[in-house]
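Listed here are the chains, written in short residue letters.
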Amino acid sequence: MERMQSTYENQVEFNLSESGVHPLRLGELVHDSASREALLAEGLRYTQTNGTPPLRAQIASMYPAATGGHILVTNGGSEANFIAAWNLIGPDDEVVMMVPNYMQLWGLAHAFGATVTDWPLINDGARWRIDADALERAVSPRTKLISISNPNNPTGARFDAAELDRIAAVAARHGSWVLADEIYRGAELDGRETPTMWGRHDRVIVTSGLSKAYGLPGLRIGWVVGPPALAASLWAYHDYTTIAPGALSDALARRALEPARRTAILSRTRGILNQNFPIIANWLDGHGGLFSYAPPDAGAIVYARYHHAINSTELVTRLRQEKSVLIVPGDHFGMDGYLRLGFGDEPSYLRQGLDRVGQLLAEIADYGLRNADVRR
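What this report covers is the structure whose coordinates are included nearby. Quantities reported herein were computed from a predicted structural model and do not represent experimental measurements.

Observations concerning the packing of helix H5 (residues 76–88) against helix H9 (residues 228–238)
H9 packs onto H5 with a crossing angle of 105° between their chain directions and a minimal axis gap of 10 Å. Relative to H9, H5 is oriented roughly perpendicular. On H9, the residues touching Glu79, Ile83, Ala84, Trp86, Asn87 and Leu88 of H5 are Leu230, Ser233, Leu234, Tyr237 and His238. Here the residues of the contact of H5 with H9 sort into seven nonpolar, three polar and one charged.

Structure (structure tokens):
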């Protein structure tokens, strides 16, 4: 998925493959003379390589009983996931992974020689939910790590405190770590922040960052929250990857996470989601049963099942080549027959992109009808 996006996202007219909201501009984050002067005075030096103490303290304040010693700042959530997997997973380990999911950890676990066991979510038609009984069956004494995404990518589902407690209890019985990717936390359509996995088990790692809920992907600021001994160990791994976050990114992240500004940024995100979701919902519902989907709780993504007899990668390739639109095929999550559509951009852009998708779907349907007539 990442290679597809990086190859084509700047070559198409309409990129509906993104899962975040339309990004903030620098001027919206640094909009007064004092903050601009402070930014211009920032030294372009190596910062504290695990994140400056003020930034780590701000991040820690979002997690119960966490301190700066629990935090490692990384270059994006992807580095946070990478160094956590690199530190924990080795040959002959077992990883139990919630699916569908952002597939970075799936690839890393295989690369590090682990066995990966899928733990599927259940779609009851109205929502995606956790199957805790299936998790009980999947986890064994060999399970080193349980990987979850909450709110979930690609479904947009969020899981409540009772569900997280059940996951923690299973992990605790077997001494397994839980890695919770919470990068969409804060991007809930109803404004109720998703509960964190942090604090529910003594072997919990949370990864997150500013790219999705905050609309600041260009800062490349992510973080790991973990027990202090693990955070210190991961810092050593970070020395072998990117060494340090950029000085300007660290400074701008500190500004973004000031409490009042953080509230305003997340309010902006939720405003975009609530403005745009009806657009894509009406579009999906207007296709006469072609799509079925559970509305997302969080994130600018809808994971829709389609009912055309065409492979998802083939469909996405034709969309890109014939209509200059990029979306994510279900194949990238191991689930053919699904599409992940992003709806976080400006409304006119979203409508135009969806119109192009609709054009291709109509052409495919028309071709199918003509072929059926020929066969008769």
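Back to the text.
A closer look at the environment of Gly353
By the element assignment, Gly353 lies in helix H13 (residues 347–375). Of the residues examined, Gly353 reaches a relative accessible area of 0% and is grouped as buried. The spatial distance from the C-alpha of Gly353 to the C-alpha of Thr269 is 20 Å, given a sequence separation of 84 residues.

Considerations on the packing of aromatic side chains
Taken as a whole and assessed by the stated rule, the structure comprises 10 aromatic pairs. Between the aromatic rings of Trp128 and Tyr303, the centroid separation amounts to 6.1 Å while the plane-to-plane angle is 50°, which identifies the pairing as tilted. Placement of Trp128 in strand E6 (residues 128–129) and of Tyr303 in strand E12 (residues 301–306) is noted, with a sequence separation of 175 residues between them. Each member of the pair Trp128 and Tyr303 is classed as buried. Centroid distance Phe277 to Phe343: 5.7 Å. Interplanar angle 55°. Geometry classified as tilted. Placement of the pair is Phe277 in helix H11 (residues 259–285) and Phe343 in the loop between strand E15 (338–342) and H13, with a sequence separation of 66 residues. Summarising the burial analysis for this pair, Phe277 and Phe343 share the class buried. The ring of Tyr8 has Arg320 sitting right over it, with the charged end atom 3.6 Å from the ring centre.

What counts, and where the lines are drawn
- Residues numbered from 1 in each chain as written.
- Predicted model: local features only at pLDDT ≥ 70, side-chain atom pairs only at ≥ 80, totals over all residues.
- Heavy atoms only, no water.
- Axes fitted to C-alpha atoms, helices over the stretch in contact; angles between N-to-C directions.
- Helix = DSSP H or I, 4+ residues; strand = E, 2+ residues; numbered from the N terminus.
- Parallel < 35°, antiparallel > 145°, perpendicular 65-115°, else oblique.
- Contact = heavy atoms within 4.5 Å.
- Nonpolar A, V, L, I, M, F, W, Y, C, P; charged D, E, K, R; others polar.
- Buried < 20%, exposed > 50% of the residue type's maximum accessible area, 1.4 Å probe, protein only.
- Phe/Tyr/Trp six-rings, centres within 6.5 Å; stacked < 30°, edge-to-face > 60°.
- Lys NZ or Arg CZ within 6 Å of the ring centre and 35° of its normal.

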